[in-house]
Amino acid sequence: MIHVRPPVSGRLRHLLRATSAGLLLAVATGAAQASALPSTSVQALSMAERAKMAGDLTMTLQASRISAQATWARDLQSPSGKSFPTVRYVKALVFCECTDPAMAELRQAVMRAGGSVYMRYLSVRGLSVMLPATGVLEIARRPEVQSISPNRLTTRSFSVLERSVNIDAAASTSSMVRRPSGINNYFGLTGSGVGIAILDSGIMRNHENFRDAAGATRVRQAVDFTASSDASMAGLQDWQAGLDASGDLLTPGSAARLAYEARIHNMGGNPEVDGYGHGTHVASVAAGRAWGLTPNSSGVAPGADLYDLKVLDAKGFGTISDVLAAIDWVVMRSRLLNIRVMNLSLAADSTESYVTDPLCRAVRSATAVGITVVVAAGNFGKRADGRELYGTVGSPGIEPSVITVGSANTLGTGPRTDDSVNGFSSRGPTRGLYVSPTGVRRVDNALKPDLVAPGNRILGAMAASTAGARADLPARYPALVPPLMTGNAPSNRSGKTAELMTLSGTSIAAPAVAGTVALMLEANPGLTPPLIKAMLQYTAEPLVGANVLQQGTGLLNADGAVFTARTVRPNLMQDIEAGTIQPGATITSSAVLSGTLVPAPGLSVLNSVSPGSYPTAGGLGRWSRMIFAGGNRILSGASLFNQYHLAWDHRISWGGTVGPRRTTVAWWAASQSVAASTVARSFTEAPIPGTPTALFQPGVRFVSSLAGPSSLANRTGVFLPAHMFTTALIAGQGSVLPSGLVLAEGLVLAEGLVLAEGLVLAEGLVLAEGLVLAEGLVLAEGLVLAEGLVMAESTGGTGE
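Predicted, not measured: the structure shown is a model, and the values here were computed from it.

1. Considerations on the sheet that holds strand 31 (residues 633-636)
The strands that make up a sheet are held in pairs by hydrogen bonds between backbone atoms, and each pair lies either parallel or antiparallel. Ordered by their spatial adjacency, four strands build an open sheet running 30-31-36-37, and the pairing between neighbours is antiparallel. Of all strands in the sheet, those bounded by a partner on one side alone are strand 30 (627-629) and strand 37 (735-736). Pairing geometry for strand 36 (residues 701-702) and strand 37, over two bridges, is antiparallel. Among the inter-strand pairings, Arg-701 is bridged to a residue of strand 37, identified as Val-736.

2. Some words on helix 11 (residues 320-337)
In this model helix 11 runs 25 Å from its N-terminal to its C-terminal C-alpha over 18 residues, within 8% of the 26 Å that 1.5 Å per residue would give. At Val-331, helix 11 shows its maximal kink, close to 30 degrees. In terms of residue burial, helix 11 counts as a mostly covered element, since 15 of its 18 residues are buried. Immediately downstream of helix 11, the backbone of Asn-338 shows phi near 55 degrees, a positive value.

3. Some points on the state of the cysteines
Within the structure shown, the criterion is met by one disulfide. Linked covalently through their sulfurs, Cys-96 and Cys-98 form a disulfide whose S-S length is 1.9 Å. Looking along the S-S bond of the Cys-96-Cys-98 disulfide, the torsion reads about -130 degrees, which is the left-handed sense. There is no split in this pair, since Cys-96 and Cys-98 are both buried.

4. Some thoughts on the packing of aromatic side chains
If you walk through the whole model with that rule in mind, you get five aromatic pairs. Both rings, one in Tyr-390 and one in Phe-719, keep their centres 5.4 Å apart while their planes meet at 85 degrees; by these two values the pair is edge-to-face. Taken together, the residues Tyr-390 in the loop between strand 19 (372-376) and strand 20 (403-409) and Phe-719 in the loop between strand 36 and helix 21 (722-730) connect sequence positions 329 residues apart. A relative accessible area of 2% places Tyr-390 in the buried class. Residue class for Phe-719 comes out buried when judged on its relative accessible area of 2%. Look at Phe-641 and Trp-648: their rings are 6.4 Å apart centre to centre, the planes differ by 5 degrees, and that puts the pair in the stacked class. The buried category is assigned to Phe-641, whose relative accessible area is 6%. Classification of Trp-648 by relative accessible area gives buried; the value is 2%.

5. Remarks on the pairing of strand 20
In terms of burial, strand 20 is a largely internal element, seven of the seven residues being buried. Here strand 20 shows two buried faces, one formed by Ile-403, Val-405, Ser-407 and Asn-409 and the other by Thr-404, Gly-406 and Ala-408. When strand 20 meets strand 21 (residues 420-421), the two strands line up antiparallel, connected through two bridges. Among the inter-strand pairings, Asn-409 is bridged to a residue of strand 21, identified as Ser-420.

6. A word on the nonpolar core
Counting residues in hydrophobic clusters, the biggest one holds 81 residues, and the most contacted among them are Leu-536, Trp-648 and Phe-696. Sorting elements by how many residues they give to this core places helix 14 (residues 506-523) first, with eleven residues. Discounting residues that sit within four places of it in the chain, Trp-648 has contacts with Thr-528, Pro-530, Leu-531, Ala-534, Ile-576, Ile-627, Leu-640, Phe-641, Gln-643 and Phe-696. Judged by nonpolar contacts, the second largest core, of 57 residues, contains Val-363, Val-369, Val-402 and Val-665.

7. Observations regarding the pattern of salt bridges
A pair can form between side chains of opposite charge whenever their charged atoms are brought close. The tally for this structure, following the rule as stated, stands at 18 salt bridges. Of the charged contacts, one joins Arg-333 and Glu-261 as a salt bridge, the two residues approaching to 2.2 Å between their closest N and O atoms. Here Arg-333 is found in helix 11, whereas its partner Glu-261 is found in helix 9 (residues 255-264), with 72 residues between them in sequence. Of the two residues, Arg-333 and Glu-261, neither departs from the other in class, the shared state being buried. Where Arg-662 meets Asp-649, a salt bridge forms, and the shortest distance between an N and an O atom there is 3.2 Å. In this pair, Arg-662 is assigned in strand 33 (residues 658-667) and Asp-649 in the loop between helix 20 (639-642) and strand 32 (652-655), connecting sequence segments 13 residues apart.

8. Here we look at the pairing of strand 9 (residues 145-150)
Most of strand 9 is tucked away: five of the six residues are buried. Of the strand pairs in this sheet, strand 6 (residues 86-96) and strand 9 are connected by five bridges, and their pairing is antiparallel. In the sheet register, Ala-92 faces strand 9, and the bridge partner there is Pro-150.

9. Side note on empty space enclosed by the protein
In this structure, the largest cavity spans a volume of roughly 300 Å³. If you go around the largest cavity, you meet 24 residues; those closest to its centre are Pro-400, Ser-401, Pro-530, Ala-647 and Trp-654. Where the lining of the largest cavity is concerned, the elements lending two or more residues are helix 12 (358-368), helix 15 (529-539), strand 30 and strand 32. In terms of residue count, helix 15 provides more of the lining of the largest cavity than any other element does, four residues in total. Class assignment of the residues belonging to the lining of the largest cavity gives a composition of twelve nonpolar, seven polar and five charged.

Reading guide: rules and limits
Residues numbered from 1 in each chain as written. Predicted model: local features only at pLDDT ≥ 70, side-chain atom pairs only at ≥ 80, totals over all residues. Heavy atoms only, no water. Pairing = 2+ DSSP bridges. Helix = DSSP H or I, 4+ residues; strand = E, 2+ residues; numbered from the N terminus. Expected span 1.5 Å × (residues − 1). Bend = angle between axes of the 7 residues up to and from the residue. Buried < 20%, exposed > 50% of the residue type's maximum accessible area, 1.4 Å probe, protein only. Disulfide = S-S within 2.5 Å. Phe/Tyr/Trp six-rings, centres within 6.5 Å; stacked < 30°, edge-to-face > 60°. Core = buried A, V, L, I, M, F, W, Y, C linked by side-chain atoms within 4.5 Å. Contact = heavy atoms within 4.5 Å. Salt bridge = Lys/Arg side-chain N within 4 Å of Asp/Glu carboxyl O. 1 Å grid on protein atoms, 1.4 Å probe; cavity = no way out; pocket = protein on both sides within 12 Å on 5 of 7 lines; lining within 4 Å. Points joined across faces, edges and corners; volume = space filled by probe spheres on them. Nonpolar A, V, L, I, M, F, W, Y, C, P; charged D, E, K, R; others polar.

Below you can see the structure in the form of structure tokens.
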């Protein structure tokens, strides 16, 4: 049983704080009533202006005292001559639709309002600022400002693996992925040459699982965004008004940029940089290398390059601004270092729509430069009484363009016939709320997660110091560290650089998908992020009984995904960005055309399956044969991958009833610091002009109509078991689109969802579940973070 608290209302969430003993009322701190804004000040704003301010920000501006949870607010002594003895200041993230990427006028406005500017971001058109309460209202009145969010506290989320994701060729002679070749070496795909960015608590880069065949670490660069505050990283004094150091921070080679890079550089000195222990394990699931060792704790892409973006400290805490800065770092270097994959085992309890959510905006920009973003769904799928909670996927997993991963339980075996969706794994639909400038309210209601991957008691690297001290997680929870051989190190390894541990949760499932993406990109570097996502969904194997809100399209199938990746020509992304390919053009690879590669069969040979059992037949696992398009449409058909559809353009985003929108990337010109068109300078997102755009060409099969109206009791609509979609598709059901799919067409499964028949739908995430650590381990209550960022882990339990 998962040990959690029942959900509480969104308003009450802001008054709660988690401790190891449970949930307690927050300790009131702060100054007197005089420093708070009267409610009349906020009411003086127009409806559209009030809608720009996040709910917890508005509450804190008006509260008589600051909640202990609002670490982003402080009452400071008022400058002389002011009416009140104290002034309430907040650290916030301001986003705008400015035509000037430098946001010069907005930065000046912040200064005039009595604030400071800490950071200007690249991946989102926004600023990290400090503002007095009255200044927040002034900024909200500016017409170009879209939203103002507090810089909320963030915190951590939480080989059988090779066989579980269907990589191990030793059991499948038809596997196209890899097989062992000598000690600690492989023949086939390992993700070699592909960079994976891990945004987490750090990576212990001298662990043996991160070495290459020559013994050198594969952690190529490491940066630390937690070593100091956002103000000090920008070279400013914290909580001091009237300062702006953001102007030149994003210019390659500038003095400001070089000084900033020096402050966050983390490759020197002690290589054991993961004091918490979560990031090291996540990285090893994605790219650990341990073939020839006993036990085998290899990850999915053991030859990939790793980039360590430390956004969580030794206790697992950070800020959203740290995560945004880390995404910027990856975006700026993605083409210089071939970073093609970014893993965020983090989830934010955001009540915003994906359209305006800060993290969603940032990952859309990352996608637009060709980075495939993989995100943990979260682990809030059950209440304390065991009932399912739907609508609990967090941000940025609510973003349609990312790959959102739920957790499956492999029961510690390679065969898939006993696999199931973990009870704690977060369910869809997404519940982000969009409020238009005219006050119209709309819930996103998108289908998530996209698929599931093994995420229960997964063995991986354990972080420790040279002195022998374990990282915080394994030190506090020794049950996570299995007694392997001598001590914990396997018999043919020794020392703290070889110790292993187990973790569970969607944050452990996500890097399994990230590693698979690296294999796909090694096989075909021309794939775009939306095409990669579609291939992963199309080849996933539906687990019996679980619906699409529980498992997406099914369980990760690396063999099928790599096979499908090879059916597409390898220069596709280059042609898309150059504008030399038009919708409807053939994208089939020469290997398929010549007959050397059989077109996508819809079946994969699985490891040690039981012949005749569903969803396998004679040892063949059925592909789902379906994808989620725009968040709420289900499509199928081989034509998805043999012709070019506009939806495969990574610069186009769409979802629900919003879109499609195109992101335009401006690049820095050639200089002594960078080559031309390698470092992004700015991003501009705008609707695609003209008549409704057909995102998919004729011939694609429309599957949504097979589901019927959504009913939990009748198991129809979004509650229809995913394998029943596949059965219907094999039988030839589904409507073939005669004229292509435009946004306004087709049945939207998630909209109009009737929340009856005992369905429990979250009002917004109640992050009271804490860490999923290992099967059978139940911890004390975890975190309630209002709308802060958490690491996508729930309270450890049975692995249901």
